[in-house]
Amino acid sequence: MRPLRFSVNVTLDGCCDHRAIPADEELHRHHAANLDRADALLFGRETYQMMEAAFRPTAEHPEPVDSFARTIDAARKYVVSSTLPHVDWNAELLRGDLADAVERLKQEPGRGLFVGGVRLSLALAELGLIDEYEFVVHPRVAGHGPTIFAGLPRQLDLRLVDRVDFESGTVALRYEPRR
């Protein structure tokens, strides 16, 4: 069974708006290494469209610029959306019951699945389907949201399994659920 891993960049006050968080080369290398631990990416509609706009090669930029962009571009992607009529960019739409669809993906052999974003991650956490949580905490107070897991109906008890410190003062904290 392949694990479902979650990662999010977050400020000290809990903001996970990508526009509020600086991304440097060290952080991109970290996230590219994380993605190398997965066979496929799981996105909601908004995250898929944001990543596609940022990292899909275009006529103006036919080659991805760094290892993170190359990794994202090449990755197999599953998109959870009831509003998108179709996807491409090495992606497949997941329709129907979210728990059933994700359980089927987890049952396939491989290194793992990787999920990011706000709403899809909240739904997967509520269903107890996330096997590993990573919070990449940036030394910044944004003063606004969105915040991750706002509205979660129950607490998640987690156990710290790894920590990575970056020169920028950012800290990546990796947890597993206490089951």
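The structure presented is a predicted model; accordingly, all values stated were derived computationally and were not measured.

Caption draft 1: A look at the side chain of His31. Mapped onto the fold, His31 is located in helix 1 (residues 25-35). Within the structure, the side chain of His31 is placed 3.3 Å from the side chain of Asn9, a separation counted as a polar contact. Residues in contact with His31, not counting those within four places in the same chain, are Ser7, Asn9, Phe68, Glu134 and Val136.

Caption draft 2: Broad picture of the sheet that holds strand 4 (residues 91-94). As summarised here, the arrangement of the eight strands in space is 4-3-2-5-1-6-8-7, forming an open sheet in which the pairing is mixed. Two strands lie at the open edges of the sheet, namely strand 4 and strand 7 (158-165), each paired on one side alone. Strand-to-strand twist of the sheet, defined as the mean angle between neighbouring strand axes without regard to direction, takes the value 25°. Where helix 1 meets the sheet, it contacts strand 1 (4-11), strand 2 (40-44), strand 5 (113-115), strand 6 (132-138), strand 7 and strand 8 (171-177), and its direction lies at approximately 175° from that of strand 6.

Caption draft 3: Representation of the nonpolar core within the structure. Core analysis: the biggest nonpolar cluster contains 29 residues, and Leu4, Phe6, Leu42, Leu124, Phe135 and Phe149 have the highest contact counts within it. Sequence-distant contacts of Leu4, that is, excluding residues within four places in its chain, are made with Leu42, Val102, Lys106, Leu113, Phe114, Val115, Leu124, Leu129, Ile130, Asp131 and Glu132. The next biggest cluster of nonpolar side chains, apart from the first, holds 19 residues, and it includes Leu35, Ala38, Phe68 and Ala69.

Caption draft 4: Representation of the packing of helix 1 against helix 3 (residues 67-74) within the structure. Relative to each other, helix 1 and helix 3 sit at 30°, their axes nearing to 8 Å. Classified by the interaxial angle, the pair formed by helix 1 and helix 3 is roughly parallel. Handedness of the helix 1/helix 3 crossing: left-handed. Contact residues: His28, His31, Ala32 and Leu35 in helix 1; Ser67, Phe68, Thr71 and Ile72 in helix 3. Among the residues making up the contact of helix 1 with helix 3, the classes are represented as four nonpolar, four polar and no charged.

Caption draft 5: A look at the state of the cysteines. Counting across every chain of the model gives zero disulfides. Unpaired in terms of disulfides, Cys15 finds its nearest cysteine sulfur in Cys16, a separation of 6.2 Å. On the basis of relative accessible area, Cys15 is assigned to the buried category, the value being 0%.

Caption draft 6: Highlighting helix 3. Within helix 3, burial applies to Phe68, Ala69, Thr71 and Ile72. Buried positions in helix 3, seen along its axis, are confined to an arc of 160° and lie on one side of it. Those residues of helix 3 that are buried are in contact with helix 1, strand 2, helix 2 (45-55) and strand 3 (76-80).

Caption draft 7: Looking closely at the pattern of salt bridges. Within this structure, the stated rule accounts for 19 salt bridges. Each of Arg5, Arg37, Glu132, Glu134, Asp162 and Arg174 takes part in salt bridges that share partners, so that together they form one network.

Caption draft 8: Highlighting the pairing of strand 3. In the sheet, strand 2 pairs with strand 3 via five bridges, with the strands oriented parallel. Bridge pairing in strand 3 places Gly44 opposite Val80. One ladder, built from four bridges, connects strand 3 with strand 4; its direction is parallel. Paired with Lys77 across the bridge in strand 4 is Ala91.

Caption draft 9: The arrangement of unusual backbone geometry in detail. Residue Pro146 is reached from Gly145 by a cis peptide bond, and omega for that bond is 10°. One can find Pro146 in the loop between strand 6 and strand 7. Despite not being glycine, Trp89 has its phi angle at roughly 60°, a positive value. You can see Trp89 is positioned in the loop between strand 3 and strand 4. On the accessibility criterion, Trp89 (7% relative accessible area) is buried. Even without being glycine, Phe149 reaches a positive phi, approximately 65°. Mapped onto the fold, Phe149 is located in the loop between strand 6 and strand 7.

Cut-offs applied
Residues numbered from 1 in each chain as written. Predicted model: local features only at pLDDT ≥ 70, side-chain atom pairs only at ≥ 80, totals over all residues. Heavy atoms only, no water. Helix = DSSP H or I, 4+ residues; strand = E, 2+ residues; numbered from the N terminus. Polar contact = N/O pair within 3.5 Å; in protein donor to acceptor, adjacent residues only side chain to side chain. Contact = heavy atoms within 4.5 Å. Pairing = 2+ DSSP bridges. Axes fitted to C-alpha atoms, helices over the stretch in contact; angles between N-to-C directions. Core = buried A, V, L, I, M, F, W, Y, C linked by side-chain atoms within 4.5 Å. Buried < 20%, exposed > 50% of the residue type's maximum accessible area, 1.4 Å probe, protein only. Parallel < 35°, antiparallel > 145°, perpendicular 65-115°, else oblique. Left-handed = near helix turned anticlockwise from the far one by under 90°. Nonpolar A, V, L, I, M, F, W, Y, C, P; charged D, E, K, R; others polar. Disulfide = S-S within 2.5 Å. Arc of directions from axis to C-beta. Salt bridge = Lys/Arg side-chain N within 4 Å of Asp/Glu carboxyl O.

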